[in-house]
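Results of the structural survey
Each chain, written out:
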Amino acid sequence: MTLRVITAPTVEPVSVETAKAFLRIDGTADDALLAILIAAAREKGEQIARRAFITQTLEMTVDAWPSDTILKVLRPPLLTVTSVKYLDEAKVEATWTDYVVDTKSEPGRILFDSFPSVTLLESGGITVRYTAGYGAAATDVPQTIKQAVLQLIAYWFENREAGG
């Protein structure tokens, strides 16, 4: 199973201004560095938590249809499923639509009513494109996540020359 970010978030869970207030920084000399650290801290936090903090489009690739007809998506919370596509052994792509999306479960799920009667490509035969995240605005992100992002920013900011 693999996961790719197709469309990254357009905002971050914390602003440069919030990070500056947290770090007690005046002036604008470190603004560019802080913007980089904020994006990196969000990305690292999403990897660790295995969750999407801000709305983004993701693409999950799996090798086979789920044996129990339920496919759980990576990096919840699931908002919508855009498409489910599959490649047959001749590498012909098709779109599958015989499913229901469950965004209320944690993680979100795709419940398949049936599967196509084709032999899938041996590796990476199914690709699911979907949107996930708490919302499109920083205010949608839980405060505990914002606090963790700020703590990581602070650590990286204070230990810039530590290496590794």
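Coordinates for the structure precede this section.
Residues numbered from 1 in each chain as written. Predicted model: local features only at pLDDT ≥ 70, side-chain atom pairs only at ≥ 80, totals over all residues. Heavy atoms only, no water.

With antiparallel pairing, the 5 strands of this open sheet are ordered in space as S1-S2-S8-S4-S5. In this open sheet, the two strands that pair with only one neighbour each are strand S1 (2-7) and strand S5 (93-96). Put simply, the sheet's adjacent strands are angled 25 degrees from each other on average, direction ignored. Bridge analysis of strand S4 (residues 78-87) against strand S8 (residues 126-132) gives 7 bridges, and the strand direction is antiparallel. (Pairing = 2+ DSSP bridges. Helix = DSSP H or I, 4+ residues; strand = E, 2+ residues; numbered from the N terminus. Axes fitted to C-alpha atoms, helices over the stretch in contact; angles between N-to-C directions.)

On to helix H2 (residues 31-49). For H2, with 19 residues, the first-to-last C-alpha span of 26 Å sits near the 27 Å given by 1.5 Å per residue. Next to the buried residues of H2 lie helix H1 (16-23), strand S2 (56-62) and helix H3 (143-158). Of the residues one or two after H2, Arg50 is the one with positive phi, at around 55 degrees. (Expected span 1.5 Å × (residues − 1). Contact = heavy atoms within 4.5 Å.)

Per the counting criterion, the structure on display carries 8 salt bridges. One salt bridge connects Glu43 with Arg42, and the closest N-O pair in it is separated by 3.9 Å. A relative accessible area of 42% means that Glu43 is categorised as partly exposed. Arg51 is the salt-bridge partner of Glu106, the closest N and O atoms lying 2.8 Å from each other. (Salt bridge = Lys/Arg side-chain N within 4 Å of Asp/Glu carboxyl O. Buried < 20%, exposed > 50% of the residue type's maximum accessible area, 1.4 Å probe, protein only.)

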